[in-house]
Structures are given as C-alpha cells and as structure tokens.
Amino acid sequence: MTDPSYAWLPSNLQPDEAWQLTAATMVGLQSIPGLVILYGSIVKKKWAVNSAFMALYAFAAVLVCWVGWGYQMSFGTT
C-alpha cells in the first residue's frame, strides 16, 4: 500500500525503507569515531594512528560488503 503523498519517492523506496536507510547511515557514521577512539586508546601511543586507520579500513570493508550484497538481502528485488 503506497501513500500518494510520497509520490516523489521511487516506487521501490517508501518512507519506512527510507528511514531505515537514514538510521543505518547515522549509526554507521557515529560508529566510526567511537571505534577509532576505543581502539586508539587501548594500544600504545605510537600505534594509536595505525589502530585508528585499521578501524577505518574495517568500516570501509563493511561498507563495500553492504553495497555489494547487504542491500539486496535487506530490501530484495521487488
């Protein structure tokens, strides 16, 4: 069931799915600095930058996986 007030959205992206994508993006964006601070604070000072970049690389890998097949599994082809 589609609401005509959301006619400007593509037919496969209704408000519930748009909010889910927005919320997932916000959680992902706030997770990056949290992981960088967490991993940077539990290692020696000279390895903190390396640990921060490893957290960023891990997030980038998850992002690539999400774009590759996570979106397809979540929202399907309909």
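Please refer to the structure higher up on the page.
Residues numbered from 1 in each chain as written. Predicted model: local features only at pLDDT ≥ 70, side-chain atom pairs only at ≥ 80, totals over all residues. Heavy atoms only, no water.

**Focus: the overall build of the protein**
Note the threshold: Under the DSSP-based scheme used, a helix requires at least four consecutive residues in state H or I and a strand at least two consecutive residues in state E, with every element numbered from the N terminus. Classification of residues uses two cut-offs on accessible area relative to the type maximum, computed with a 1.4 Å probe and protein chains only: under 20% is buried, over 50% is exposed, and between them is partly exposed.
Assigned secondary structure in the protein consists of 2 helices and 0 strands. Here the protein holds 78 residues, and the buried ones make up 13% of them.

**Overview of the packing of aromatic side chains**
Heads up, the condition is: Only Phe, Tyr and Trp rings are paired, with Trp represented by its six-membered ring, and only when their centres lie within 6.5 Å; those with planes under 30 degrees apart are stacked, over 60 edge-to-face, the remainder tilted.
Tallying each qualifying case throughout the model produces 1 aromatic pair. Between F53 and Y57, the ring centres sit 6.2 Å apart and the planes meet at 35 degrees, which makes this aromatic pair tilted. Here F53 and its partner Y57 are both found in helix α2 (residues 48–75), 4 residues apart, which amounts to about one turn of the helix. A residue is classified by how much of its surface remains accessible, and F53, at 42% relative accessible area, is partly exposed.

**Concerning the side chain of S51**
Short version of the rule: Residue contacts are counted whenever heavy atoms from the two residues lie within 4.5 Å of one another.
Turning to its location among the elements, S51 is positioned in helix α2. S51 gets classed as buried once you look at its relative accessible area, which sits at 10%. Not counting the four nearest positions on each side in its chain, S51 is found in contact with Y39, G40 and V43.

**Remarks on the environment of V49**
Looking at the secondary structure, you find V49 in helix α2. According to the relative accessible area criterion, V49 is exposed, its value standing at 54%. Spatially, the C-alpha atom of V49 lies 9.5 Å from that of Y39, the residues being 10 residues apart in sequence.

**A closer look at a nonpolar patch on the surface**
Note the cut-off: Patch definition: residues above 30% relative accessible area lacking any salt bridge, with like charges linked at up to 9 Å and the nonpolar side chains Val, Leu, Ile, Met, Phe, Trp and Tyr linked at up to 5 Å. Each accessible area is a Shrake-Rupley estimate made with a 1.4 Å probe; only the visible protein chains count as cover when residues are assessed. For salt bridges, the criterion is a side-chain nitrogen of Lys or Arg within 4 Å of an Asp or Glu carboxyl oxygen.
On the surface, a nonpolar cluster with roughly 370 Å² of combined accessible area is contributed by L35, L38, Y39 and I42. Take L35: it is sitting in helix α1 (residues 15–41).

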